[in-house]
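Here is what each chain is made of, one letter per residue.
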Amino acid sequence: MLNIALFGPPGAGKGTQSEFLTKKYNLFYISTGELLRKELAAGTKLGIQAKNIIAEGGLVSDEIIVQIIEKTIKSNSDANGFLFDGFPRTYIQAYILDGLMIKLNSNLDCLISIEVPEEESVRRLLQRGKTSGRTDDNETVIRNRLKEYKEKTLPVLEYYKERGLFYAVNGMQSIEKVTENIEKIINEILNKKLLNIVMFGHPGSGRGSLGKALAEKYDLEFVATGEMLDEEIKQNTEIGKQIKHLYENGQLVPDEIVIPLIEKKLQNSKNVRGFIFKGFPRTLVQSYILDGLLKKYDSYIAKIFDIKVDTLELIRRLDKRGKTDAAMPYDSSTEKIVKRLQEHEDKTIPVIEKYKETHDVTEIDGMPPFEEVLKNISEEIENSFKNLK
Ligand code: AP5
Ligand code: MG
């Protein structure tokens, strides 16, 4: 997700810039001002409550704002991202926004403040007032809106400066120039954003080979706990010996061994576009650990795939692999294969179910030939990350 807040005094050009930005970055537009005007026009309870305050140029209560904004976000939670215009406008709303983002498993990427002097705001809005039909576009109300902005809204900037999310743009330039400046900020942020993918699927579903191919294609770091553990076995380290024993019994390796290995891998991967995880998280505990690890990088899981393959086909594939050089210790007998599949059912399926409540989990048919499955996943990735390079 890409979430942006546009900030600035009345008449700064927030609405004007939003039109272009929502299209270019495929964002869902939320202007609390427009939402309120709609409630007003529809004569709803909220609209009636807000009516006089808007007419005088005051700020509507945070209580009303939280209601209209939550409603809109909830019904569009599958959006590519949100563009907030005129929100947050108070310190309390800044906290509300953080809370809403947590519910979406996301975060605000930046707050872009369009700066114009007071007299320019007045000049533009009086001009706009000739055709806008907005009753609050008259001088007395404009002056009051500006007063409210200075007293209640401007201090909100501190909240974002402290968190390193504040960006300023000079609004005293042509509309096109302002757009250009904003685009530059957003593109820089996109370049820094990590694209993290988790690949789920039973052993033998192809998630490993697919993950590797995707990592290559989209310049991601492939994080496969199985392979990291195998490396330990190959080098016959102390950890490797322990792991081998667990593998042979079809058991999972304890988190105390896996986590430090992943952490090291994340730390050592510099300048990557993101991570693609395979074979992790496998348990509910590990899913919390992954959230925590990514949080350190101000990041989160952006996309989850679940590769679906029939059980008989899984057994057939694993049995075949067991007879090649790529054999895993648990491929060596049907009994072990079944045990490993059972382990997946017991421990990992609940993790996928949990993710379905909070994330966009995309099921992929893993039965067709490899190239076809890869093509289908690639399409999903490119659709979800239209705004990412
Ligand atoms: P809202 O609708 O958000 O109004 P506002 O903040 O006063 O901002 P405007 O819509 O007037 O200005 P804009 O920055 O969008 O400028 P625009 O692009 O149109 O809120 C209205 C009311 O609702 C508030 O007063 C409050 O009561 C309530 N409310 C809303 N949200 C709230 C919240 N979160 N909490 C509490 N209460 C809330 O541009 C203006 C004009 O300038 C246009 O004519 C445009 O063509 C022109 N223009 C734009 N850019 C340029 C440029 N670069 N050069 C020259 N002209 C330009
Ligand atoms: Mg506006």
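Think of each chain on its own: its residues are numbered from 1, step by step along the sequence as written. Chain letters start at A and ligand numbers start at 1, both assigned in the order the entries are written. Totals for whole chains, interfaces and linings use every residue, but because this is a predicted model, local features are given only for residues with pLDDT of at least 70 and side-chain atom pairs only at 80 or more, for both listing and counting. Just so you know, side-chain values use all the structure's heavy atoms and leave hydrogens and water out.

A. Expanded view of the sheet that holds strand β2 (residues 28–31). Strand order in the open sheet formed by five strands is β2-β3-β1-β4-β5, with parallel pairing between adjacent strands. Looking at which strands have only one partner, the edges of the open sheet turn out to be β2 and β5 (166–170). The average undirected angle you get between the axes of adjacent strands in this sheet is 20°. We treat two strands as partners when DSSP finds at least two bridges between them. Comment: elements are numbered from the N terminus, with helices defined as DSSP H or I runs of at least four residues and strands as E runs of at least two. Pairing of strand β1 (residues 4–7) with strand β3 (residues 82–85), which is carried by three bridges, proceeds in the parallel orientation. Looking at the pairing, Leu6 lines up with Asp85 of β3. Here a residue-residue contact requires only that any non-hydrogen atoms of the pair lie within 4.5 Å. For every element, the axis is a line fit to its C-alpha atoms; helices are fit only across the contacting stretch, and the angle between N-to-C directions ranges from 0 to 180 degrees. Contacts from helix α2 (residues 32–42) reach β2 and β3 within the one sheet, and its direction differs from that of β2 by about 70°.

B. Main features of the side chain of Asp137. You can see Asp137 is positioned in the loop between α6 (118–132) and α7 (139–153). Separated by 2.8 Å, the side chains of Asp137 and Arg128 make a polar contact. Side-chain atoms alone can form a polar contact between residues adjacent in sequence; in general such a contact is a pair of N or O atoms within 3.5 Å, and within protein one must be able to donate a hydrogen while the other accepts it. Among the polar contacts made by the side chain of Asp137, one reaches the side chain of Arg145 at a distance of 3.2 Å. Apart from residues lying up to four places away in sequence, Asp137 is in contact with Leu125, Leu126, Arg128, Gly129, Ser132, Ile142 and Arg145.

C. Expanded view of the nonpolar core. Side-chain atoms within 4.5 Å link the members of a nonpolar core, which is a set of buried Ala, Val, Leu, Ile, Met, Phe, Trp, Tyr and Cys residues. Relative accessible area decides the class of each residue, using a 1.4 Å probe on protein chains only: under 20% of the type maximum gives buried, over 50% gives exposed, and in between gives partly exposed. Among the nonpolar cores identified, the biggest contains 34 residues, and Leu36, Phe82, Phe84 and Tyr160 are the most heavily contacted of them. For this core, the secondary-structure elements that each account for two or more residues are β1, α2, α3 (45–56), α4 (62–74), β3, α5 (91–103) and α8 (156–162). Within the second largest apolar cluster, 28 residues are counted, among which are Ile233, Leu290, Leu294 and Ile304.

D. Here's a closer look at the domain arrangement of the protein. Once the domains are mapped, the protein shows domain 1 (2–192) and domain 2 (197–388). Residue ranges for the domains originate in an automatic or database domain assignment. Between the C-alpha centres of domain 1 and domain 2 there is a distance of 41 Å. Contacts between domain 1 and domain 2 engage ten residues on the former and nine residues on the latter. Buried area counts how much accessible surface, traced with a 1.4 Å probe, disappears from two parts once they are put together, with both parts' losses summed. Both sides together, the interface formed by domain 1 and domain 2 hides about 810 Å², and carbon and sulfur atoms give 36% of it. When residues of domain 1 are sorted by the area they lose upon contact with domain 2, Asn80, Asn105 and Leu190 head the list and together hold 55% of the total. Any Lys or Arg side-chain nitrogen found within 4 Å of a carboxyl oxygen on Asp or Glu counts as a salt bridge. There are zero salt bridges connecting domain 1 and domain 2. The tally of links between domain 1 and domain 2 comes to one residue pair in polar contact (both at pLDDT 80 or more).

E. Here's a closer look at the packing of aromatic side chains. Between rings of Phe, Tyr and Trp, where Trp is taken as its six-membered ring, a pair exists when centres lie within 6.5 Å; planes separated by under 30 degrees are stacked, by over 60 edge-to-face, and by other angles tilted. For the coordinates displayed, the defined rule picks out ten aromatic pairs. Ring geometry for Phe7 against Tyr149: centres 5.9 Å apart, planes inclined by 50°, an arrangement best described as tilted. Pair noted here: Phe7 is in strand β1 and Tyr149 is in helix α7, with a separation of 142 residues, a long-range link. Both residues of the pair, Phe7 and Tyr149, belong to the buried class. Between Tyr91 and Tyr95, the ring centres sit 6.5 Å apart and the planes meet at 45°, which makes this aromatic pair tilted. Separated by four residues within a single helix, Tyr91 and Tyr95 lie in helix α5, roughly one turn from each other. With relative accessibility at 33%, the residue Tyr91 sits in the partly exposed group. Taken together, the aromatic side chains of Phe28, Phe82, Phe84 and Phe87 make up a single cluster linked through ring pairs. Here, over-ring charges are defined by two tests on the NZ atom of lysine or the CZ atom of arginine: distance to the ring centre within 6 Å, and angle to the ring normal within 35 degrees. Geometry around Phe166 places Lys161 over its ring, the cationic atom sitting 4.9 Å from the centre. We note Lys354 situated over the ring of Tyr355; from NZ or CZ to the ring centre the distance is 5.3 Å.

F. The arrangement of the site of ligand 1 in detail. Lining the immediate surroundings of ligand 1 are 31 residues, of which Thr16, Gly58, Arg89, Arg128 and Arg145 lie closest. Contact between ligand 1 and Thr32: a nitrogen atom at 2.7 Å from a side-chain N or O atom of the residue. The contact in question runs from an oxygen atom of ligand 1 to an N or O atom on the side chain of Arg145, over 2.6 Å. Surface accessibility follows the Shrake-Rupley procedure with a 1.4 Å probe radius. Residue values consider only the protein chains on display as shielding. Burial of ligand 1 by the surrounding chains reaches 87%, relative to a free accessible area of 1,000 Å². Counting residues per element, the ones that place at least two in the shell around ligand 1 are α1 (14–25), α2 and α6. For the shell around ligand 1, the element with the highest residue contribution is α2, accounting for four residues. Ten residue types, Ala, Val, Leu, Ile, Met, Phe, Trp, Tyr, Cys and Pro, are classed as nonpolar, four, Asp, Glu, Lys and Arg, as charged, and the remainder, Gly among them, as polar. Tallied by class, residues from the shell around ligand 1 come to eleven nonpolar, twelve polar and eight charged. Residues are labelled near a given molecule or strand when at least one of their non-hydrogen atoms is within 4 Å of it.

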